[in-house]
Amino acid sequence: MKEITAAELTQAVGGRLLWGEGEILIGHISLDSRKMEGGDLFVPIIGENVDAHDFICQALGNGASAVFTSRHHSPEDVQETVKAQSGDDSARRERALAAAWIQVEDTRKALQDFGAYCRAGRTLPLVGITGSVGKTTTREMIAAALSAGFCVYKTPGNSNSQVGVPITIAEIPQEAQIGVIELGMSEPGEMTRIARVAQVNCAVMTNIGVTHIEQLGSQQNILEEKLHIQDNMAADGLLVLNGDDGLLRDVVPENGRRKILYGLSEGCHYRGEDLHLEQGYPVFTAVHGNERVAVRLRVMGSHMVSNALAALAVAGTYGVPMKAAAEKLEEFEGYKGRQQIFTLDRVTVIDDSYNASPVSMKAGLEVLCSVAGEGRKIAVLADMKELGADAPRFHREIGAYIAVHPVDQVVLLGELAAEIGDELAALAPGIPQVSLRELGEVEHWLDEHLKPEDCVLFKGSNSMKLSLAVKHLKEQAALNKI
């Protein structure tokens with residue numbers, strides 16, 4: 001992030017410098033009062049259960065040099081808070097009184113205003129990724145493909161929200177030539193607010209599924225909300241759409257903008273042909289016009305081909321030769337928590353624990369079934385959240401899928417995941433299953449039942465914390481080596 005003075009920041013967000021000097025420099029943004037790099041702007045977000053204004057002095061004591069505040073309206077308010085939050089800690093009190101306090105009406109909106117201000121000062125093209133499933137992996141693959149021709153900046157971690165995107169935009173380094181950012185959405189109006197900040201030049205939409213249908217009501221509503229990614233898009237902007245998705249294929253871009261379709265279907269501008277799996281890894285031919293390039297991915301599952309084709313389409317749009325982009329894709333080995341495959345004590349682990357939807361859970365099961373080996377194939381599946389009133393039906397669909405694509409053992413965590421087991425018992429009673437209520441029970445089951453040569457898949461919504469079960473296996477494996 002390019003350094004900015006407190007006075008410039010105040011003007012950028014339409015705030016008021018309530019306390020401190022306008023010459024104070026800000027070089028980073030933080031939402032966590034415990035984590036500062038030095039010279040940070042601390043943005044206290046008011047959440048459902050916690051108001052981060054309560055931790056302003058902790059943030060300033062830890063190295064922040066400025067803070068947004070919607071709670072304080074006078075210098076006296078600032079002095080009272082410093083006294084209350086600093087107590088007998090004189091060093092914290094001194095740092096708090098040396099900082100810039102910037103009054104704003106809404107700290108979240110002020111952060112977004114600052115993100116939009118930073119975006120307006122940059123001319124580099126931004127590629128925005130949205131969709132119900134596969135956003136992060138597609139983001140990583142697009143960044144990989146573009147790296148064949150550009151210095152690429154991409155969303156760090158999972159910073160794809162109303163507060164994450166402004167920080168992502170502000171932190172784009174000066175040397176970046178193109179940016180690839182993930183735009184998440186879970187409620188009405190959210191994409192509009194994010195798009196106002198991002199002002200993308202190219203929008204990639206991976207699919208329209210049922211994730212967040214609880215908040216938005218229908219897939220059509222999800223589509224309409226995600227299409228707001230076009231808000232504030234450049235006049236010559238481009239939509240890159242999954243042509244295998246029935247809702248996306250027929251989208252007409254706003255204001256005469258262009259669209260490019262990618263997928264396995266006829267009529268896609270970037271198309272995959274001759275797809276097959278070798279030891280679970282997709283091999284296919286990428287076709288664009290008269291050009292044909294063989295691609296061999298190092299991430300498992302046929303669904304990864306769609307992500308790769310999106311990456312090739314974006315890279316081609318920005319002038320990267322398809323062969324060079326494909327070579328970069330062949331180096332890509334996945335992203336943490338998303339189908340990371342490794343071996344612990346001769347047990348193959350497929351860590352796909354970060355999140356789950358009906359589509360991605362079926363894809364994970366496909367990968368499990370495709371892994372070669374003589375051991376058992378074990379699916380550890382947890383609840384899929386935010387699926388609304390039809391959540392039980394979506395879970396039963398997974399049970400029906402397993403009945404047709406059998407594994408050797410199913411371990412279920414959660415009340416909704418039990419629906420998977422009910423359907424599986426009805427359709428394929430011979431497939432062993434166990435339904436558990438607590439994460440500790442899952443860890444105990446793994447300790448008692450995993451054997452060398454087994455392959456185990458972990459898949460569920462992030463809130464179900466299956467990543468901790470994966471961590472448990474790693475810790476047990478480390479202990480066994482001592």
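In this text, all values refer to a predicted model and were calculated from it rather than measured experimentally.

Asks: How do you make sense of the nonpolar core when you look at a structure like this?
Replies: Side chains of a nonpolar character, in soluble globular proteins, are inclined to be buried together. Counting 52 residues, the largest nonpolar core has Leu9, Phe68, Phe114 and Leu183 as the members making the most contacts within it. Taken domain by domain, this core gets at least three of its residues from each of domain 1 (2–105) and domain 2 (121–328). Once residues within four sequence positions are removed from consideration, Leu9 is found in contact with Ile4, Ile26, Leu41, Phe68, Ile102 and Phe114. Core analysis: the second largest hydrophobic core is formed by 38 residues, Met141, Ile260, Leu309 and Met322 among them.

Asks: Looking at this structure, I do not really get the sheet that holds strand 4 (residues 28–30). What am I missing?
Replies: Strand-to-strand pairing in sheets goes through backbone hydrogen bonds, with the strands running parallel or antiparallel. Pairing is mixed across the open sheet formed by 5 strands, whose spatial order is 2-7-6-5-4. Each having just a single partner strand, strand 2 (16–19) and strand 4 make up the two edges of the open sheet. Averaged over all pairs of adjacent strands, the angle between strand axes in this sheet comes to 30 degrees, irrespective of strand direction. Note that strand 6 (residues 64–69) and strand 7 (residues 100–103) share 4 bridges and pair parallel. The residue of strand 7 that forms the bridge with Phe68 is Ile102. Sheet strands in contact with helix 1 (residues 6–13) are strand 2, strand 5 (40–42), strand 6 and strand 7, and its direction is about 10 degrees off that of strand 7.

Asks: Looking at this model, I keep getting lost on unusual backbone geometry. Mind explaining?
Replies: Generally, phi is negative for residues other than glycine and the peptide bonds are trans, each holding for most cases. The phi dihedral of Asn232 is positive, around 65 degrees, even though this residue is not glycine. Position of Asn232 relative to the elements: it lies in the loop between helix 10 (219–226) and strand 12 (238–242). A residue is classified by how much of its surface remains accessible, and Asn232, at 48% relative accessible area, is partly exposed. At Asn255, a residue that is not glycine, the phi angle is positive and equals roughly 55 degrees. Tracing the backbone shows Asn255 in the loop between helix 11 (246–249) and strand 13 (258–263).

Asks: Explanation requested: the pattern of salt bridges in the structure shown.
Replies: If the charged atoms of two oppositely charged side chains come close together, the side chains can form a pair. If you walk through the whole model with that rule in mind, you get 23 salt bridges. Across the salt bridge formed by Asp54 and Arg71, the nearest N and O atoms sit 2.8 Å from each other. Linking Asp54 in the loop between strand 5 and helix 2 (56–61) with Arg71 in the loop between strand 6 and helix 3 (75–86), this pair joins segments that are 17 residues apart in sequence. The residue Arg292 makes a salt bridge to Glu273 at a minimum N-O spacing of 3.0 Å. Note that Arg292 is positioned in strand 16 (residues 291–296) and Glu273 in strand 14 (residues 270–278), a separation of 19 residues in sequence.

Asks: What am I meant to see in the packing of aromatic side chains here?
Replies: Each pair of aromatic rings is reported with the distance of its centres and the angle of its planes. As enumerated under the stated definition, the model contains 1 aromatic pair in all. Lying over the aromatic face of Phe394, Arg393 brings its terminal NZ or CZ to 4.5 Å of the ring centre.

Asks: Explanation requested: helix 1 in the structure shown.
Replies: Owing to its 3.6 residues per turn, the α-helix aligns residues three or four sequence positions apart on the same side. All of the buried residues in helix 1 are Ala6, Leu9, Thr10 and Val13. Each buried residue of helix 1 lies within a common arc of 100 degrees when the element is viewed along its axis, so the set occupies one face. With its phi angle positive at about 70 degrees, Gly14 sits one or two positions after the end of helix 1.

Asks: Even after reading the chapter, I still don't get the layout of surface pockets, so can you show me in this structure?
Replies: Over the atoms rolls a probe the size of a water molecule, and its path tells where empty space is left. Quantified by volume, the second largest pocket comes out at close to 390 Å³. Around the second largest pocket, the lining residues are Leu31, Ile45, Gly47, Glu48, Ala52, Arg108, Ser161, Gln162, Val163, Ser186, Glu187 and Glu190. Split into classes, the residues belonging to the lining of the second largest pocket amount to 4 nonpolar, 4 polar and 4 charged. Both domain 1 (2–105) and domain 2 (121–328) contribute no fewer than three residues apiece to the lining of the second largest pocket.

Asks: Can you help me understand the UniProt feature "domain: Mur ligase N-terminal catalytic" (unreviewed entry) in the protein chain in this one?
Replies: The sites that UniProt annotates as "domain: Mur ligase N-terminal catalytic" (unreviewed entry) are residues 26–114. Span residues 26–114 is 39% helix and 19% strand, its end C-alpha atoms 12 Å apart.

Asks: I tried to follow the domain arrangement of the protein chain on my own but got confused; where do I start?
Replies: Reports of interface size often rely on the accessible area that becomes lost once the parts have come together. Its domain assignment divides the protein chain into domain 1 (2–105), domain 2 (121–328) and domain 3 (338–478). The straight-line distance from the C-alpha centre of domain 2 to that of domain 3 is 28 Å. Counting from both sides, the interface comprises 18 residues of domain 2 and, opposite them, 18 residues of domain 3. Buried area between domain 2 and domain 3, both sides added, is near 1400 Å², and the carbon and sulfur share of it is 59%. Joining domain 2 to domain 3, the criterion identifies 0 salt bridges. Summed over the shared surface of domain 2 and domain 3, the number is 1 residue pair in polar contact (both at pLDDT 80 or more). The dominant element in the side of domain 2 that touches domain 3, judged by the number of residues it contributes, is helix 9 (residues 213–216), at 3 residues. Among the residues forming the side of domain 2 that touches domain 3, the class breakdown is 6 nonpolar, 11 polar and 1 charged.

Definitions and cut-offs
- Residues numbered from 1 in each chain as written.
- Predicted model: local features only at pLDDT ≥ 70, side-chain atom pairs only at ≥ 80, totals over all residues.
- Heavy atoms only, no water.
- Core = buried A, V, L, I, M, F, W, Y, C linked by side-chain atoms within 4.5 Å.
- Buried < 20%, exposed > 50% of the residue type's maximum accessible area, 1.4 Å probe, protein only.
- Domains from an automatic or database assignment.
- Contact = heavy atoms within 4.5 Å.
- Pairing = 2+ DSSP bridges.
- Helix = DSSP H or I, 4+ residues; strand = E, 2+ residues; numbered from the N terminus.
- Axes fitted to C-alpha atoms, helices over the stretch in contact; angles between N-to-C directions.
- Salt bridge = Lys/Arg side-chain N within 4 Å of Asp/Glu carboxyl O.
- Phe/Tyr/Trp six-rings, centres within 6.5 Å; stacked < 30°, edge-to-face > 60°.
- Lys NZ or Arg CZ within 6 Å of the ring centre and 35° of its normal.
- Arc of directions from axis to C-beta.
- 1 Å grid on protein atoms, 1.4 Å probe; cavity = no way out; pocket = protein on both sides within 12 Å on 5 of 7 lines; lining within 4 Å.
- Points joined across faces, edges and corners; volume = space filled by probe spheres on them.
- Nonpolar A, V, L, I, M, F, W, Y, C, P; charged D, E, K, R; others polar.
- UniProt positions renumbered as here; feature names shortened; annotations may be inferred.
- Buried area = accessible area lost by both parts, 1.4 Å probe.
- Polar contact = N/O pair within 3.5 Å; in protein donor to acceptor, adjacent residues only side chain to side chain.

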